[in-house]
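Fold and contact review
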Amino acid sequence: MTTTLDVRKPAPLWFLPATFLFALLSLSLALFLGVADVAPSDIIAVLTGHGSAEARSIIMEIRLPRILTGILAGVHFAVAGLLLQTITRNPLADPSIMGVSQGATLSVTIFLVFTVYIEDPGSNTLAAIPVEWLPAVGMLGGLVAGGIIYLLAFRRDLGPLRITLCGIAVGAVLHALAIGLIAGWGSARIEVLLEWLSGSLYARSWEHAVFLLPFTIAGLAVLPLIRRSLELLRFEAPVARSFGLSYRRQFSIVLLLSCGLASSAVGAVGPVVFVGLVVPHLARFLAGRHFALVLPLTVALGAIVVTLSDLVGRLAGQADEIPIGVVTAICGVPVLVAFLRKTP
Amino acid sequence: MNMGRSSAKTALVVIVAAILIIAGGLLVGAKPLAPQAALKVLFFPDGKIDSILVWTLRLPRSLAAFVAGAGLGVSGYLLQVLTRNPLAGPGLTGVTSGAVAPIVFCFVFLPWFSSVFYPLVGMAGGLAAAFVTFWISRGGRGRPLHLALGGISVSLFLGAITTYILLLSGTQAPSLLFWLTGGLQGRSWTQLAYMLPWVVAGLGGALAVHRAIGLLMLNEEAAAGMGLRLELWKPLLLLLAVLPVAGIAPVAGPVAFVGLAAPHIARLLKPGGPRSSIALTAALGGLILVAADVIARSIAIPQELPVSIVTALIGGPVFVYLVQRRSVSF
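Residues numbered from 1 in each chain as written. Chains lettered and ligands numbered in written order. Predicted model: local features only at pLDDT ≥ 70, side-chain atom pairs only at ≥ 80, totals over all residues.

**A short note on the overall build of chain B**
The line we're drawing: Going along the chain from the N terminus, every DSSP run of H or I of four or more residues is numbered as a helix, and every run of E of two or more is numbered as a strand. Note that the radius of gyration is over C-alpha atoms, with the globule rule given as 2.2 Å times the number of residues to the power 0.38. Each residue is classified by how many other C-beta atoms fall within 10 Å of its C-beta atom, where C-beta atoms are placed from the backbone; a count of 20 or more means buried, 12 or fewer means exposed, and values in between mean partly exposed.
What chain B contains, in helices and strands, is 14 helices and 0 strands. Relative to the compact-globule value of 20 Å for 330 residues, chain B shows a C-alpha radius of gyration of 20 Å, a close match. Along the first, second and third principal axes, the C-alpha atoms of chain B reach 65 × 55 × 35 Å. A total of 330 residues make up chain B; the buried ones form 57% of that total.

**A word on the overall build of chain A**
Applied cut-off: Residue pairs are scored as contacts if the distance between their C-beta atoms, which are placed from the backbone, is within 7 Å.
Counting its secondary structure elements, chain A contains 15 helices and 0 strands. Residues counted as buried form 50% of the 344 residues belonging to chain A. The long-range share in chain A, meaning contacts at least 24 apart out of those at least 6 apart in sequence, stands at 79%.

**A word on the interface of chain B and chain A**
What counts, and what does not: The nonpolar class holds Ala, Val, Leu, Ile, Met, Phe, Trp, Tyr, Cys and Pro. Asp, Glu, Lys and Arg form the charged class, and all remaining residues, Gly among them, are polar.
Taken together, the contact between chain B and chain A spans 37 residues of the former and 42 residues of the latter. Breaking the side of chain B that touches chain A down by element, the ones donating at least two residues are α6 (144-169), α7 (173-180) and α14 (307-324) of chain B. The greatest single-element share of the side of chain B that touches chain A, amounting to 16 residues, is contributed by α6(B). Its residues placed into classes, the side of chain B that touches chain A shows 28 nonpolar, 9 polar and no charged.

**Brief notes about the environment of A:Val273**
When you line up the elements, A:Val273 lands in the loop between α12 (247-269) and α13 (275-287). For the pair A:Val273 and A:Met98, spaced 175 residues apart in sequence, the C-alpha separation works out to 11 Å. Ignoring any residue separated from it by four or fewer positions in sequence, one finds A:Val273 in contact with A:Ser96, A:Gly199, A:Gly325, A:Thr328, A:Ala329, A:Gly332, B:Leu156 and B:Ala160.

**Quick word on the packing of helix α3 (residues 49-83) of chain B against helix α12 (residues 258-268) of chain B**
Residues and elements named next belong to chain B. Put simply, the rule is: The convention used is that axes are lines fitted to C-alpha atoms, helices contributing only their stretch in contact, and that angles between N-to-C directions extend from 0 to 180 degrees. In these notes the angle categories are as follows: under 35 degrees is roughly parallel, over 145 is roughly antiparallel, 65 to 115 is roughly perpendicular, and the rest is oblique.
The geometry of α3 relative to α12 is characterised by a closest axis approach of 7 Å and an angle of 75 degrees between their N-to-C directions. One way to sum up the angle between α3 and α12 is to call them roughly perpendicular. Judged by residue contacts, Gly-69, Leu-72, Gly-73, Ser-75, Gly-76, Tyr-77 and Gln-80 of α3 engage Val-258, Gly-259, Leu-260, Ala-262 and Pro-263 from α12. Grouping the constituent residues of the contact of α3 with α12 by class yields 6 nonpolar, 6 polar and no charged.

**Examining the confidence of the model for chain A**
All names here are of chain A. This is how it is decided: Every residue carries a pLDDT, the predictor's confidence in it, which falls somewhere between 0 and 100.
For chain A, per-residue confidence averages 78 on the pLDDT scale, and residues scoring 70 or more make up 85% of the total. For chain A, helix α1 (residues 2-7) is the element with the lowest average pLDDT, namely 42, and α12 is the one with the highest, namely 87. Confidence drops under a pLDDT of 50 for residues 1-8, and excluding neighbours within four residues, the segment shows 2 contacts in the predicted structure. pLDDT under 50 marks residues 118-127. Its contacts with residues more than four places away, or in other chains, come to 4 contacts.

**Thoughts on the UniProt feature "transmembrane region" (unreviewed entry) in chain B**
Residue and element names in this part refer to chain B. For clarity, the cut-off: UniProt positions are given in the numbering used here, feature names are shortened, and annotations may be inferred rather than shown by experiment.
When the UniProt feature table is mapped onto this chain numbering, "transmembrane region" (unreviewed entry) sits at residues 62-79, 91-110, 116-136, 148-169, 189-209, 236-257, 277-296 and 305-323. In residues 116-136, helix accounts for 90% and strand for 0%; the two terminal C-alpha atoms are 32 Å from one another. Structurally, residues 236-257 comprises 77% helix and 0% strand, and the distance from its first C-alpha atom to its last is 23 Å.

**Some details on helix α5 (residues 118-136) of chain B**
Residues and elements named next belong to chain B. The cut-off we apply is this: The length a helix should cover is 1.5 Å for every residue beyond the first.
When the terminal C-alpha atoms of α5 are compared, their 27 Å separation across 19 residues agrees well with the 27 Å that a helix rising 1.5 Å per residue should span. Taking burial as the measure, the 19 residues of α5 include 14 buried ones, the bulk of the element. Of the residues flanking the end of α5, it is Arg-138, one or two places downstream, whose phi is positive at about 55 degrees.

Next up, the structure:
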């Protein structure tokens, strides 16, 4: 019995700072590399407040807001995935599998289709997307999807696996509705909707980052408060109750938080799949027995994964960049398949 | 025998209901027809507008919907037998997205490639995707959750690739997207003839091997004990399950949930044996899709809804109901 405990080496404590250092490194990598060639000296000059107007506009108005939006979204997805995996006690839960992303997709699609028709009929210009509303609208849809899953789950007191399957069904229905809506009514804006639907950081401005930031701050601020219930929610409901946890209330709070985080990010960057699935596993793998480290590591790794995937998509596609959702799907599926084959 | 006769009656009732819906579907649409007028042009086509409405727009379209629904139902039935999993269907095993992704690829990047071969491409893709899903879920013998998660991740993966191809396709995107939502708008006799052989092959094949299916439904050990060569029959049944989807996908796109729901509704009607279950499933699948298609084209006149919205709204609750039943163990 003792050997099973000794197999996992305790993670050294320098792991956390090292990961954050790596996050900084990937941020600067994403800043320095790109399709448009900007000399490193120019970039440093821009960052210290000098530099040519051209380099300044590329760095400050294109690359930096895009990277920051990506980092925020990555943190959102990763934390949402961790929360969902904890409460469903299913290592394969993810906002995009559980139907939360699809709920946000549907609400944003409805919103975009209607605002286009009301504000700007008959025009093909793409300038008028109401960016400031997207995270909030996405969150509304995600919360509705989460509420449906919650009602289904607790009406019959379902086990975690049934909740996951209900989530898959809800997601499929909502996704069909969204796609149908786009095909039926969105033809004037089909490319924008498609780009958004595949999960993209293309042309994300400071506005996207600024309007997503309040959601990030609110979500991360709640996390320390629910740490204890998170630890208990990992157990079966009767066990958790015997520790004095009001199971249903804490479950709803965590589900709500997770839906809010995931769907507001979907509003800003579209449904980026698999980040919420893979990152918590990586974090758990690195943290080993130190459960307290899992959460901060998830935050850092979420930022890293999204930044690097976006960089890969930008560099690999050159002028036609590959949307980040495609990159994460292609990288994430093998990881998921490996996990599926490993879990009995 | 009694059981067989009663389920034959049930299948007949279902088919009659489908015919009635097809007949009703002739009347509704952007230009409603009076019953007498519809009947008149149905038997004496005169080449005027009413006759065109009935003979080249509404009738072939409804027939195509029936055939596609029947094919999807059979496919779902076979997949559920193979995996012994009530949640299996062309959607959840990745077969549909496996058929769609390579067809989209050929459409966008190989325009010289004749669409006659699309079913073959779709079949190869569907089989490959099904194999990956089955490999993940250990040949369907793992827990149902594995199959569901394996299938959904295969679908998400292929969906991401499909979306990327759509982005690269530029001006073709809207027409491709409408096809991708699954719909029968503007489908006529040509498309019906195009997919009919594939569906007939799947349905006829399934009916022909109903004895093997009956043995497989017991359990694999028993089937092997009765002298059934599993290593031969399981791939054959998988092929039969993919055939209809491969034929339907190029015409109607991915239609969600019909393949999942039809076998379960058929089971509620208590068919006698595999043969009558297959017949009943096919009839019910056809009925569902015909009804969904009539609803899709008449509910928001003059706009037309993609049929998948309707089938998802019908099939989603069925799925949730199945998941909530206690008899299915996870």
